[in-house]
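Residue-level listing of the chains:
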Amino acid sequence: MNLIGGGPTEFIEHNLAGVLTDRLDGVTFLTEALNTEPGVGQFMQFWRLFERAFKCGHHAAVPLLTTFLGAGPHAITGAEVQNWADLRNPAVHANRGGDAVLNSDVFFLLGRMREAAFDVLFNKTNWWSSDDLRRDAWKPAAGSSGDGGIFLTQG
């Protein structure tokens, strides 16, 4: 997996590690997500990162994530974020009745959530804060752009 461009450590090679010093917990959550088998476990690790970044639970995070991610390169919509949020509780809690969320229910969401996690980790201005402010610390070289589209950086 190469979301950063030239390799998994390119952000270090380009002196971007310094933009992460105030959010090492976020680096830990992203590391946990990337080292978890794709499915409900990875889905939950991404949610842990989002909840930490925005210093709120998943319901309160929806509008913040929507605004933040809507201004990013991936064109992640409010409907997407709301869908992630709708699946969060049934993925975690089995005591509430209804259908349980299984790996097959979230697997197709994980690519976009992974892109969102990188964007939030690198580009959220105020870590562990209930705001949606962005900075321009990092741009992906390639990724999805919503509605099945992609973007690429030449060279």
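Higher on the page you've got the structure.
Quick summary incoming for the structure in this document. Not measured: the values here are computed from a predicted model.

What follows deals with the packing of aromatic side chains. In this description, a pair of aromatic rings is defined by centroid distance and the angle of the planes. Counting across every chain of the model gives five aromatic pairs. Look at Trp47 and Phe50: their rings are 5.6 Å apart centre to centre, the planes differ by 85 degrees, and that puts the pair in the edge-to-face class. Residue Trp47 and its partner Phe50 are both found in helix H3 (residues 40-54); the two are separated by three residues, about one turn of the helix. In this structure, Trp47 and Phe50 share a single accessibility class: buried. An angle of 75 degrees between the planes, with centres 6.0 Å apart, marks the rings of Phe54 and Phe68 as edge-to-face. One end of the pair, Phe54, is in helix H3; the other, Phe68, is in helix H4 (residues 58-70), and 14 residues separate them in sequence. Exposure class is identical for Phe54 and Phe68. Each is buried. One aromatic cluster in this structure is built from Trp47, Phe50 and Trp84. The cationic tip of Lys55 hangs over the ring face of Trp128; the distance from NZ or CZ to the ring centre is 4.3 Å. The positively charged end of Arg134 is found above the aromatic ring belonging to Phe68, 4.3 Å away from the centroid.

In this section: the packing of H4 against helix H5 (residues 78-92). Between H4 and H5, the least distance of the axes is 9 Å, while the angle of their chain directions is 155 degrees. By the criterion of interaxial angle, the relationship of H4 to H5 is roughly antiparallel. Seen along the crossing, H4 lies across H5 with a hand that is right-handed. Along the contact surface, H4 presents His58, His59, Val62, Leu65, Thr66 and Leu69, while H5 presents Gly78, Val81, Gln82, Trp84, Ala85, Arg88 and Asn89.

Parameters at a glance
Residues numbered from 1 in each chain as written. Predicted model: local features only at pLDDT ≥ 70, side-chain atom pairs only at ≥ 80, totals over all residues. Heavy atoms only, no water. Phe/Tyr/Trp six-rings, centres within 6.5 Å; stacked < 30°, edge-to-face > 60°. Helix = DSSP H or I, 4+ residues; strand = E, 2+ residues; numbered from the N terminus. Buried < 20%, exposed > 50% of the residue type's maximum accessible area, 1.4 Å probe, protein only. Lys NZ or Arg CZ within 6 Å of the ring centre and 35° of its normal. Axes fitted to C-alpha atoms, helices over the stretch in contact; angles between N-to-C directions. Parallel < 35°, antiparallel > 145°, perpendicular 65-115°, else oblique. Left-handed = near helix turned anticlockwise from the far one by under 90°. Contact = heavy atoms within 4.5 Å.

This is a description of form; function is not addressed.
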